[in-house]
Amino acid sequence: MPASPLSLAVIGGGQLARMMQQAAIGLGVHIRLLAEGPDVSAAQVIPDHFVGDYTNIDDLRRAVEGSSVVTCDHEHVPPEHLRTLEAEGHIPRPGPGALIHAQDKITLRTELDELGVPSPRWVVAASVDDVVAFGLPCVLKTPRGGYDGKGVWIVRSEADAAEALGADAVLVEELVDFRRELSAQVARRPSGETVTYPVVESRQENGVCKEVIAPAPELAAALADQAQQIAIDVAEALDVTGMLAVELFETNDGRLLVNEFAMRPHNTGHWSIDGAVTSQFENHLRGVLDLPLGPSTPTARWSVMYNVLGGAIDDLESQVGVVLAAVPEAHIHLYGKSVKAGRKVGH
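Residues numbered from 1 in each chain as written. Predicted model: local features only at pLDDT ≥ 70, side-chain atom pairs only at ≥ 80, totals over all residues. Heavy atoms only, no water.

As for helix α3 (residues 79–87)
The set of residues buried in α3 consists of Pro79, His81, Leu82 and Leu85. Seen from one end, α3 has its buried residues packed into an arc of 160 degrees, which puts them on one side. Contacts made by the buried residues of α3 are with α2 (57–64), β5 (91–92) and α4 (96–103). Just beyond α3, the residue with positive phi is Gly89, at close to 100 degrees. (Buried < 20%, exposed > 50% of the residue type's maximum accessible area, 1.4 Å probe, protein only. Helix = DSSP H or I, 4+ residues; strand = E, 2+ residues; numbered from the N terminus. Arc of directions from axis to C-beta. Contact = heavy atoms within 4.5 Å.)

What to know about the sheet that holds strand β6 (residues 122–125)
Taken in spatial order, the four strands of this open sheet run β6-β9-β7-β8, and their pairing is antiparallel. Edge strands, defined here as strands with exactly one partner in the open sheet, are β6 and β8 (152–155). The average undirected angle you get between the axes of adjacent strands in this sheet is 25 degrees. Most of the contacts of helix α5 (residues 105–115) go to β6, to which it runs at about 145 degrees, and overall it touches β6, β7 (138–141) and β9 (170–174). (Pairing = 2+ DSSP bridges. Axes fitted to C-alpha atoms, helices over the stretch in contact; angles between N-to-C directions.)

Quick notes on the layout of surface pockets
Taken as a whole, the second largest pocket holds about 710 Å³ of empty space. Every residue lining the second largest pocket is counted, 30 residues in all, and those nearest its centre are Tyr306, Ala330, His331, Ile332 and His347. With four residues, strand β16 (residues 303–306) is the single largest residue contributor to the lining of the second largest pocket. (1 Å grid on protein atoms, 1.4 Å probe; cavity = no way out; pocket = protein on both sides within 12 Å on 5 of 7 lines; lining within 4 Å. Points joined across faces, edges and corners; volume = space filled by probe spheres on them.)

Describing the pairing of strand β12 (residues 200–205)
Pairing of strand β10 (residues 178–188) with β12, which is carried by three bridges, proceeds in the antiparallel orientation. By the bridge assignment, Ser183 is partnered in β12 with Val200. Bridge analysis of β12 against strand β13 (residues 208–214) gives five bridges, and the strand direction is antiparallel. Counted as the bridge partner of Glu201 is Ile213 from β13.

Digging into the sheet that holds β5
Strand order in the open sheet formed by five strands is β3-β2-β1-β4-β5, with parallel pairing between adjacent strands. On the outer flanks of this sheet lie β3 (49–51) and β5, each paired with one strand and no other. For strand β1 (residues 7–11) and strand β4 (residues 69–72), the ladder comprises four bridges, and the chain directions are parallel. Residue pairing across strands places Val10 opposite Thr71, the latter belonging to β4.

Overview of unusual backbone geometry
The amide bond that connects Arg93 to the next residue, Pro94, takes the cis arrangement and shows omega of 0 degrees. Residue position: Pro94 is located in the loop between β5 and α4. Of the consecutive residues Leu136 and Pro137, the connecting peptide bond is found in the cis state with omega at -5 degrees. Within the secondary structure, Pro137 sits in the loop between α6 (128–134) and β7. Residues other than glycine seldom take positive phi values, yet Asn206 does so here, at roughly 55 degrees. For Asn206, the location among the structural elements is in the loop between β12 and β13. The phi dihedral of Asp290 is positive, around 60 degrees, even though this residue is not glycine. Assignment of secondary structure puts Asp290 in the loop between α10 (280–288) and β16.

In C-alpha cells form, the structure reads like this:
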C-alpha cells in the first residue's frame, strides 16, 4: 500500500503522542501508533494503534507500514532499528544521527563542545577517585535513560559518589550556580525553515517541572536572542526535524549554559497549545511531514502552565468543574493516566 503524504507513524503512546493527535485531527493527518499497552494515554484517542515493543524491529516494521515518515514521543528507540527502517525506505524524523544526542548525554556534551555551545564543565568518570579529582560538589548523571530527575545525583562527598556510581561510566558535571532554568524551542523542517518560540522559564520541584511561564519574566533581550540562536544552531548542526527543546541555566553572573535537550515536543512547550498561534504539537507534525511551519506568536501577553501531578485525589475528572469555577479562563488537559504520586497526569 503506498504511503499517504499525510500519514505518520508515531512510536510511543504517552501524553505527547496523545496531544499530537489533537493537532493531527485539524490537519487531516492520519496517525498510526505503536503503543506500550492497550490503555496508555495516546491509545485512548488514536484509533489506529496496536500494542508492541519499540525495541522489537518487527513491531516497528508493523507500525510504519503505510507511512513514509516516522516520529517518536520519546527518545528511546534503538538507533540501529531506526537505521534499519531508513534502509527499508522509511524516514525517521528526527533521524538516528540526530537522535543519539538526545539519547546519550556524553555524546551530547562532546558535540556541544565541538560546536562551541556553552555548557557546564564536565568529564566522564568510572570511579570515586575520578569524581573527587573533578571536584566536589558536583552532579552525576547516567548517560542514558534518565528523566524528571531520575538518574541524577547531587554529590557532595565521597560517600555520595560511591552510592551513585554503578558499573558503567557516568557523566560528571559542575554544580552550576544558577538563577533559574529556561527553555528555548525551535521547530525545523527538512528544507531548513525554522520557527522559534518565546524563551520560557521553567520551575522545578523534586526534579519535576512544576510550572512554566511564557515568556520568561524579566529576561534580557540579548539573553533571549542568544537562547533562541543556540536552539537554531543546534537544530541546524544536528539536522533536527520537528521540535527541539533546549533546556538552559541562566547563571547568577548572567550567562547561559545548556543543560539538556529533547528532540520532540516538550513539557516546557505545552503552554503553546492554548497560548500560541501554532502549538508545538502542530509544528512538530508540520516539521516532520515537511509542511510550511506556523507562526509561534503568543495569543496573550502571558501564559502560565502548571503540571497536574498525582496526589491524594484519584478521580481527577470530578475536580474539573471545581477548577473551572475557580479559574474560568483555565484550559485543562488530562492525559487519561492512572494517578500515582508525583506522576504527570495533566496540565
